[in-house]
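Listed here are the chains, written in short residue letters.
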Amino acid sequence: MIRRSKGERIFSVFNLIFMLLILLVTAYPIYFCVIASFSDPDKLSMNFGAIWLPFQPFTLSAYQKVFSHSLFVSGWLNTLFVVIVGTLVNMVMTVLTAFVLSRKGLLLNRFFTVIIVFTMYFSGGMVPAYLNVKNLGLINSLWSLILPGAISTYNMIIMRTAFQSVPEELSESAQIDGASPFVIMCRILVPLCMPTIAVLVLYYAVGHWNSWFNASIYLQNSSKFPMQLVMKNILDSANVTEMIGDIGGADKARYVELIKYALIVVSTFPIMVLYPFLQKYFVKGVMVGAVKG
(Lines give C-alpha, C1' and ligand atoms only; values in the text may rest on other atoms or scores of the structure.)
Protein backbone atom coordinates (compact mmCIF):
# COMPACT_ATOMS: atom_id res chain seq x y z
CA MET A 1 0.00 0.00 0.00
CA ILE A 2 1.12 3.52 -0.77
CA ARG A 3 1.58 5.53 2.41
CA ARG A 4 -0.46 8.71 2.18
CA SER A 5 0.89 11.98 3.52
CA LYS A 6 -0.78 13.95 6.29
CA GLY A 7 -2.07 16.49 3.79
CA GLU A 8 -3.67 13.77 1.66
CA ARG A 9 -5.40 12.26 4.69
CA ILE A 10 -6.76 15.66 5.75
CA PHE A 11 -8.00 16.24 2.19
CA SER A 12 -9.74 12.84 2.18
CA VAL A 13 -11.52 13.68 5.45
CA PHE A 14 -12.73 17.06 4.19
CA ASN A 15 -13.70 15.51 0.85
CA LEU A 16 -15.76 12.86 2.66
CA ILE A 17 -17.49 15.47 4.83
CA PHE A 18 -18.22 17.61 1.76
CA MET A 19 -19.71 14.68 -0.16
CA LEU A 20 -21.85 13.71 2.83
CA LEU A 21 -23.19 17.27 2.97
CA ILE A 22 -23.99 17.15 -0.75
CA LEU A 23 -25.76 13.82 -0.21
CA LEU A 24 -27.77 15.30 2.65
CA VAL A 25 -28.80 18.36 0.63
CA THR A 26 -29.91 16.29 -2.37
CA ALA A 27 -31.46 13.30 -0.59
CA TYR A 28 -33.26 14.98 2.30
CA PRO A 29 -36.00 16.69 0.21
CA ILE A 30 -36.99 13.28 -1.19
CA TYR A 31 -36.87 11.73 2.27
CA PHE A 32 -38.95 14.60 3.65
CA CYS A 33 -41.68 14.08 1.04
CA VAL A 34 -41.84 10.36 1.82
CA ILE A 35 -42.14 10.69 5.61
CA ALA A 36 -44.41 13.73 5.36
CA SER A 37 -46.86 11.79 3.18
CA PHE A 38 -47.37 9.31 6.05
CA SER A 39 -47.46 11.88 8.86
CA ASP A 40 -50.35 13.18 10.89
CA PRO A 41 -51.53 16.35 9.07
CA ASP A 42 -52.22 18.28 12.29
CA LYS A 43 -48.70 17.83 13.63
CA LEU A 44 -47.15 18.29 10.21
CA SER A 45 -48.86 21.64 9.71
CA MET A 46 -47.50 22.89 13.04
CA ASN A 47 -43.91 21.92 12.22
CA PHE A 48 -41.61 24.55 10.68
CA GLY A 49 -38.26 22.72 10.69
CA ALA A 50 -36.65 19.54 9.48
CA ILE A 51 -38.26 16.25 10.45
CA TRP A 52 -36.57 12.86 10.55
CA LEU A 53 -39.46 10.53 11.46
CA PRO A 54 -43.13 10.62 10.46
CA PHE A 55 -45.45 12.28 12.94
CA GLN A 56 -47.63 9.67 14.58
CA PRO A 57 -50.24 8.39 14.17
CA PHE A 58 -49.25 7.15 10.72
CA THR A 59 -51.86 7.67 8.03
CA LEU A 60 -52.38 6.31 4.53
CA SER A 61 -55.37 8.53 3.83
CA ALA A 62 -53.50 10.65 1.26
CA TYR A 63 -52.49 7.58 -0.75
CA GLN A 64 -56.00 6.18 -0.50
CA LYS A 65 -57.41 9.35 -2.01
CA VAL A 66 -54.78 9.43 -4.76
CA PHE A 67 -55.20 5.75 -5.69
CA SER A 68 -58.98 6.00 -5.65
CA HIS A 69 -59.04 8.91 -8.09
CA SER A 70 -61.17 8.13 -11.15
CA LEU A 71 -58.30 8.76 -13.61
CA PHE A 72 -55.53 7.09 -11.61
CA VAL A 73 -55.65 3.67 -13.35
CA SER A 74 -56.10 5.07 -16.87
CA GLY A 75 -53.36 7.62 -16.22
CA TRP A 76 -50.90 4.89 -15.24
CA LEU A 77 -51.80 2.74 -18.25
CA ASN A 78 -51.43 5.70 -20.63
CA THR A 79 -48.09 6.63 -19.10
CA LEU A 80 -46.80 3.06 -19.35
CA PHE A 81 -47.83 2.95 -23.01
CA VAL A 82 -46.12 6.25 -23.79
CA VAL A 83 -42.95 5.36 -21.86
CA ILE A 84 -42.54 1.82 -23.24
CA VAL A 85 -43.65 2.36 -26.83
CA GLY A 86 -42.20 5.88 -27.00
CA THR A 87 -38.79 4.79 -25.71
CA LEU A 88 -38.78 1.85 -28.15
CA VAL A 89 -39.56 4.16 -31.08
CA ASN A 90 -36.93 6.65 -29.87
CA MET A 91 -34.20 4.04 -29.62
CA VAL A 92 -34.97 2.45 -33.00
CA MET A 93 -34.86 5.85 -34.72
CA THR A 94 -31.78 6.97 -32.80
CA VAL A 95 -29.77 3.79 -33.41
CA LEU A 96 -30.65 3.60 -37.12
CA THR A 97 -29.86 7.27 -37.77
CA ALA A 98 -26.66 7.18 -35.73
CA PHE A 99 -25.48 4.05 -37.53
CA VAL A 100 -26.00 5.59 -40.98
CA LEU A 101 -24.27 8.85 -40.07
CA SER A 102 -21.36 7.01 -38.42
CA ARG A 103 -20.41 5.28 -41.70
CA LYS A 104 -17.46 6.94 -43.41
CA GLY A 105 -18.52 6.04 -46.94
CA LEU A 106 -21.97 7.67 -46.75
CA LEU A 107 -22.59 10.08 -49.62
CA LEU A 108 -23.27 13.64 -48.39
CA ASN A 109 -22.63 12.55 -44.80
CA ARG A 110 -21.59 16.03 -43.68
CA PHE A 111 -24.59 17.63 -45.39
CA PHE A 112 -27.10 15.35 -43.68
CA THR A 113 -25.35 15.83 -40.33
CA VAL A 114 -25.53 19.62 -40.61
CA ILE A 115 -29.22 19.52 -41.58
CA ILE A 116 -30.06 17.27 -38.62
CA VAL A 117 -27.99 19.29 -36.13
CA PHE A 118 -29.68 22.47 -37.40
CA THR A 119 -32.98 21.23 -35.97
CA MET A 120 -31.40 21.04 -32.51
CA TYR A 121 -30.90 24.82 -32.43
CA PHE A 122 -33.86 26.07 -34.47
CA SER A 123 -37.43 24.78 -34.35
CA GLY A 124 -40.68 25.87 -35.92
CA GLY A 125 -42.31 26.66 -32.57
CA MET A 126 -45.45 25.60 -30.77
CA VAL A 127 -48.05 26.70 -33.33
CA PRO A 128 -46.46 24.98 -36.37
CA ALA A 129 -45.95 21.87 -34.23
CA TYR A 130 -49.62 21.85 -33.27
CA LEU A 131 -50.71 22.34 -36.89
CA ASN A 132 -48.42 19.52 -37.95
CA VAL A 133 -49.90 17.16 -35.36
CA LYS A 134 -53.42 18.23 -36.35
CA ASN A 135 -52.80 17.67 -40.06
CA LEU A 136 -51.42 14.21 -39.30
CA GLY A 137 -54.65 13.35 -37.49
CA LEU A 138 -52.94 12.77 -34.16
CA ILE A 139 -55.02 15.14 -32.05
CA ASN A 140 -56.49 13.33 -29.03
CA SER A 141 -54.23 10.33 -29.69
CA LEU A 142 -51.42 9.01 -27.50
CA TRP A 143 -49.28 8.83 -30.62
CA SER A 144 -49.15 12.63 -30.56
CA LEU A 145 -46.90 12.26 -27.49
CA ILE A 146 -44.56 9.83 -29.29
CA LEU A 147 -44.19 10.52 -33.01
CA PRO A 148 -43.45 14.30 -33.04
CA GLY A 149 -40.45 13.70 -30.76
CA ALA A 150 -39.45 10.32 -32.18
CA ILE A 151 -35.75 11.24 -32.12
CA SER A 152 -33.55 13.60 -30.13
CA THR A 153 -30.71 15.13 -32.12
CA TYR A 154 -28.53 15.41 -29.02
CA ASN A 155 -28.99 11.74 -28.14
CA MET A 156 -28.42 10.73 -31.75
CA ILE A 157 -25.07 12.54 -31.76
CA ILE A 158 -24.05 10.70 -28.59
CA MET A 159 -25.02 7.39 -30.19
CA ARG A 160 -23.21 8.21 -33.43
CA THR A 161 -20.02 9.09 -31.54
CA ALA A 162 -20.26 5.80 -29.64
CA PHE A 163 -20.52 3.90 -32.94
CA GLN A 164 -17.55 5.81 -34.33
CA SER A 165 -15.48 4.85 -31.27
CA VAL A 166 -15.72 1.16 -32.24
CA PRO A 167 -12.63 0.19 -34.31
CA GLU A 168 -13.44 0.21 -38.01
CA GLU A 169 -11.51 -3.04 -38.44
CA LEU A 170 -14.29 -4.99 -36.72
CA SER A 171 -16.86 -3.83 -39.26
CA GLU A 172 -14.49 -4.42 -42.17
CA SER A 173 -13.69 -7.97 -41.09
CA ALA A 174 -17.41 -8.74 -40.71
CA GLN A 175 -18.07 -7.23 -44.13
CA ILE A 176 -15.39 -9.46 -45.67
CA ASP A 177 -17.14 -12.46 -44.12
CA GLY A 178 -20.34 -11.44 -45.91
CA ALA A 179 -22.16 -9.53 -43.15
CA SER A 180 -24.64 -6.92 -44.33
CA PRO A 181 -24.70 -3.41 -42.78
CA PHE A 182 -27.76 -4.36 -40.73
CA VAL A 183 -25.99 -7.44 -39.35
CA ILE A 184 -22.90 -5.36 -38.53
CA MET A 185 -25.06 -2.90 -36.62
CA CYS A 186 -27.03 -5.53 -34.68
CA ARG A 187 -24.28 -8.12 -34.04
CA ILE A 188 -21.22 -5.90 -33.53
CA LEU A 189 -21.91 -2.21 -32.88
CA VAL A 190 -25.02 -2.43 -30.70
CA PRO A 191 -23.59 -5.04 -28.25
CA LEU A 192 -20.35 -3.05 -27.90
CA CYS A 193 -22.28 0.18 -27.24
CA MET A 194 -24.76 -1.17 -24.69
CA PRO A 195 -23.63 1.25 -21.92
CA THR A 196 -24.46 4.22 -24.15
CA ILE A 197 -27.76 2.63 -25.19
CA ALA A 198 -28.69 2.07 -21.54
CA VAL A 199 -28.05 5.75 -20.79
CA LEU A 200 -30.15 6.89 -23.74
CA VAL A 201 -32.97 4.56 -22.69
CA LEU A 202 -32.91 6.29 -19.31
CA TYR A 203 -32.90 9.74 -20.93
CA TYR A 204 -35.85 8.95 -23.17
CA ALA A 205 -37.84 7.09 -20.51
CA VAL A 206 -37.47 9.87 -17.95
CA GLY A 207 -38.41 12.44 -20.58
CA HIS A 208 -41.62 10.58 -21.42
CA TRP A 209 -42.37 9.94 -17.76
CA ASN A 210 -42.13 13.62 -16.78
CA SER A 211 -43.86 15.01 -19.87
CA TRP A 212 -47.26 16.63 -19.38
CA PHE A 213 -47.24 19.83 -21.44
CA ASN A 214 -47.70 18.19 -24.86
CA ALA A 215 -50.50 16.07 -23.43
CA SER A 216 -52.27 19.19 -22.20
CA ILE A 217 -52.15 20.60 -25.75
CA TYR A 218 -52.88 17.57 -27.91
CA LEU A 219 -55.22 15.47 -25.75
CA GLN A 220 -58.85 16.38 -25.19
CA ASN A 221 -60.29 13.23 -23.63
CA SER A 222 -59.36 12.97 -19.93
CA SER A 223 -59.32 9.16 -20.15
CA LYS A 224 -56.22 9.46 -22.36
CA PHE A 225 -54.31 11.77 -20.01
CA PRO A 226 -50.93 10.42 -18.84
CA MET A 227 -50.27 10.22 -15.12
CA GLN A 228 -48.27 13.45 -14.95
CA LEU A 229 -51.13 15.48 -16.42
CA VAL A 230 -53.62 13.75 -14.12
CA MET A 231 -51.49 14.68 -11.12
CA LYS A 232 -51.10 18.24 -12.35
CA ASN A 233 -54.88 18.56 -12.52
CA ILE A 234 -55.20 17.00 -9.07
CA LEU A 235 -52.78 19.55 -7.65
CA ASP A 236 -55.19 22.28 -8.58
CA SER A 237 -56.56 23.46 -5.25
CA ALA A 238 -60.19 22.96 -6.27
CA ASN A 239 -59.57 19.37 -7.31
CA VAL A 240 -57.63 18.59 -4.15
CA THR A 241 -60.44 19.97 -2.00
CA GLU A 242 -62.94 17.84 -3.94
CA MET A 243 -60.74 14.76 -3.43
CA ILE A 244 -60.51 15.33 0.31
CA GLY A 245 -64.27 15.22 0.76
CA ASP A 246 -65.10 14.04 4.26
CA ILE A 247 -61.60 12.80 5.05
CA GLY A 248 -60.62 12.89 8.73
CA GLY A 249 -61.46 15.56 11.22
CA ALA A 250 -58.62 17.93 10.54
CA ASP A 251 -58.80 21.10 8.53
CA LYS A 252 -59.04 20.36 4.79
CA ALA A 253 -56.19 22.75 4.07
CA ARG A 254 -53.84 20.53 6.07
CA TYR A 255 -54.70 17.50 3.95
CA VAL A 256 -53.95 19.45 0.77
CA GLU A 257 -50.23 19.39 1.60
CA LEU A 258 -50.41 15.72 2.56
CA ILE A 259 -51.90 14.79 -0.81
CA LYS A 260 -49.26 16.84 -2.62
CA TYR A 261 -46.49 14.93 -0.86
CA ALA A 262 -48.18 11.64 -1.74
CA LEU A 263 -48.37 12.69 -5.40
CA ILE A 264 -44.65 13.50 -5.44
CA VAL A 265 -43.83 10.07 -4.05
CA VAL A 266 -46.14 8.28 -6.49
CA SER A 267 -44.69 10.13 -9.49
CA THR A 268 -40.99 9.67 -8.62
CA PHE A 269 -40.95 6.18 -7.10
CA PRO A 270 -40.87 4.17 -10.39
CA ILE A 271 -37.95 6.19 -11.80
CA MET A 272 -36.07 5.90 -8.49
CA VAL A 273 -36.50 2.12 -8.67
CA LEU A 274 -35.33 1.98 -12.30
CA TYR A 275 -32.27 4.21 -11.95
CA PRO A 276 -30.06 1.93 -9.75
CA PHE A 277 -30.24 -0.81 -12.39
CA LEU A 278 -28.85 1.57 -15.03
CA GLN A 279 -26.46 3.50 -12.80
CA LYS A 280 -23.45 1.28 -13.57
CA TYR A 281 -23.83 2.14 -17.26
CA PHE A 282 -24.39 5.84 -16.74
CA VAL A 283 -20.87 7.32 -16.45
CA LYS A 284 -19.33 4.82 -18.85
CA GLY A 285 -22.04 5.33 -21.44
CA VAL A 286 -21.83 9.12 -21.37
CA MET A 287 -18.04 9.09 -21.65
CA VAL A 288 -18.01 6.58 -24.51
CA GLY A 289 -20.60 8.64 -26.38
CA ALA A 290 -18.90 11.97 -25.68
CA VAL A 291 -15.25 11.20 -26.42
CA LYS A 292 -14.05 9.46 -29.54
CA GLY A 293 -10.94 7.33 -29.22
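Criteria and cut-off values
- Residues numbered from 1 in each chain as written.
- Predicted model: local features only at pLDDT ≥ 70, side-chain atom pairs only at ≥ 80, totals over all residues.
- Heavy atoms only, no water.
- UniProt positions renumbered as here; feature names shortened; annotations may be inferred.
- Helix = DSSP H or I, 4+ residues; strand = E, 2+ residues; numbered from the N terminus.
- Expected span 1.5 Å × (residues − 1).
- Bend = angle between axes of the 7 residues up to and from the residue.
- Buried < 20%, exposed > 50% of the residue type's maximum accessible area, 1.4 Å probe, protein only.
- Phe/Tyr/Trp six-rings, centres within 6.5 Å; stacked < 30°, edge-to-face > 60°.
- Axes fitted to C-alpha atoms, helices over the stretch in contact; angles between N-to-C directions.
- Parallel < 35°, antiparallel > 145°, perpendicular 65-115°, else oblique.
- Left-handed = near helix turned anticlockwise from the far one by under 90°.
- Contact = heavy atoms within 4.5 Å.
- Nonpolar A, V, L, I, M, F, W, Y, C, P; charged D, E, K, R; others polar.

- Per an unreviewed UniProt entry, the recorded name for the protein chain is Carbohydrate ABC transporter permease, and the organism is Candidatus Eisenbergiella merdipullorum.
- Its UniProt record gives the protein chain a comment under Sequence similarities (unreviewed entry), which states: "Belongs to the binding-protein-dependent transport system permease family."
- Looking at the protein chain in UniProt, the text filed under Subcellular location (unreviewed entry) is "Cell membrane".

**Remarks on the UniProt feature "transmembrane region" (unreviewed entry) in the protein chain**
- Under the feature "transmembrane region" (unreviewed entry), the UniProt entry names residues 12-38, 76-99, 111-131, 143-163, 184-206 and 258-278.
- The distance separating the terminal C-alpha atoms of residues 184-206 is 29 Å; by composition the span is 96% helix and 0% strand.

**Topic: helix H1 (residues 6-37)**
- The terminal C-alpha atoms of H1 lie 46 Å apart, and with 32 residues this matches the ideal 46 Å at 1.5 Å per residue to within 8%.
- The largest bend in H1 is about 35°, located at Ala27, with the proline Pro29 one to four residues further on.
- Looking only at H1, the buried set comprises Tyr28, Phe32, Cys33, Ile35, Ala36 and Ser37.

**Overview of the packing of aromatic side chains**
- This structure, assessed with the given rule, holds 14 aromatic pairs.
- Residues Trp76 and Trp209 carry aromatic rings whose centres are separated by 5.2 Å and whose planes lie at 55° to one another, so their mutual orientation is tilted. Separated by 133 residues along the polypeptide, Trp76 in helix H4 (residues 72-102) and Trp209 in helix H10 (residues 194-210) bring together distant segments of the chain. Accessibility assignment for this pair places Trp76 and Trp209 in one class, buried.
- Counting every residue linked through ring pairs, the aromatic cluster contains Phe38, Tyr63, Phe67, Phe72, Trp76 and Trp209.

**Points about unusual backbone geometry**
- In this structure, Asn140 is a non-glycine residue whose phi angle is positive, near 65°.
- Residue position: Asn140 is located in the loop between helix H6 (126-135) and helix H7 (153-165).

**Here's the deal with the packing of H4 against H10**
- The geometry of H4 relative to H10 is characterised by a closest axis approach of 9 Å and an angle of 140° between their N-to-C directions. The angle between the axes of H4 and H10 places the two elements in the oblique class. Note that H4 runs across H10; the crossing there is right-handed. Along its contact with H4, which presents Trp76, Thr79, Val82, Val83, Gly86, Thr87, Asn90, Met91 and Thr94, the element H10 presents Ile197, Leu200, Val201, Tyr204, Ala205, His208 and Trp209.
- The residue makeup of the contact of H4 with H10, split by class, is 10 nonpolar, six polar and no charged.

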